[in-house]
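Chains, contacts and geometry: an overview
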Amino acid sequence: GKVCLSLLGTWSGTETEVWRPDSSNVLQVIVSILGLVLVLHPYYNEPGFERERDTAQGGERARQYNESVRLLALQSMLKILRSPPGGFEDI
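These notes cover the structure that comes with them. (Residues numbered from 1 in each chain as written. Predicted model: local features only at pLDDT ≥ 70, side-chain atom pairs only at ≥ 80, totals over all residues. Heavy atoms only, no water.)

**Regarding the packing of aromatic side chains**
Following the criterion strictly, the structure yields three aromatic pairs and no others. Centroid distance Tyr-43 to Tyr-65: 5.7 Å. Interplanar angle 65°. Geometry classified as edge-to-face. Of the two residues, Tyr-43 sits in the loop between α1 (26-36) and α2 (56-82) while Tyr-65 sits in helix α2, which places them 22 residues apart along the sequence. Looking at Tyr-43, the relative accessible area reads 5%, which means it is buried. Given a relative accessible area of 15%, Tyr-65 falls into the buried group. Here a set of aromatic residues connected by ring pairs shows up, and it is made of Tyr-43, Tyr-44, Phe-49 and Tyr-65. (Phe/Tyr/Trp six-rings, centres within 6.5 Å; stacked < 30°, edge-to-face > 60°. Helix = DSSP H or I, 4+ residues; strand = E, 2+ residues; numbered from the N terminus. Buried < 20%, exposed > 50% of the residue type's maximum accessible area, 1.4 Å probe, protein only.)

**Some details on α2**
The terminal C-alpha atoms of α2 lie 39 Å apart, and with 27 residues this matches the ideal 39 Å at 1.5 Å per residue to within 8%. Every buried residue belonging to α2 is among Gly-58, Ala-62, Tyr-65 and Asn-66, and all of these are buried. (Expected span 1.5 Å × (residues − 1).)

Right, dumping it as structure tokens:
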């Protein structure tokens, strides 16, 4: 998917949402991914799309988004299985 994680600097969040090399950690990234990406409808976590929640148009776009993400994930898995990265050929 393309959900922005302000912790990674892909979207300008508030002072508490930005990555700080001296104090931020991987746990923050994992929690953000769990809360923003690995949810039933990540479409609504895109900036501006949250206002489409509970609308027919938003429901259809969220369904299409999930379908697109699922297909891209499957394509990526097949590509990796067909041509594994170095060191993983025998697994």
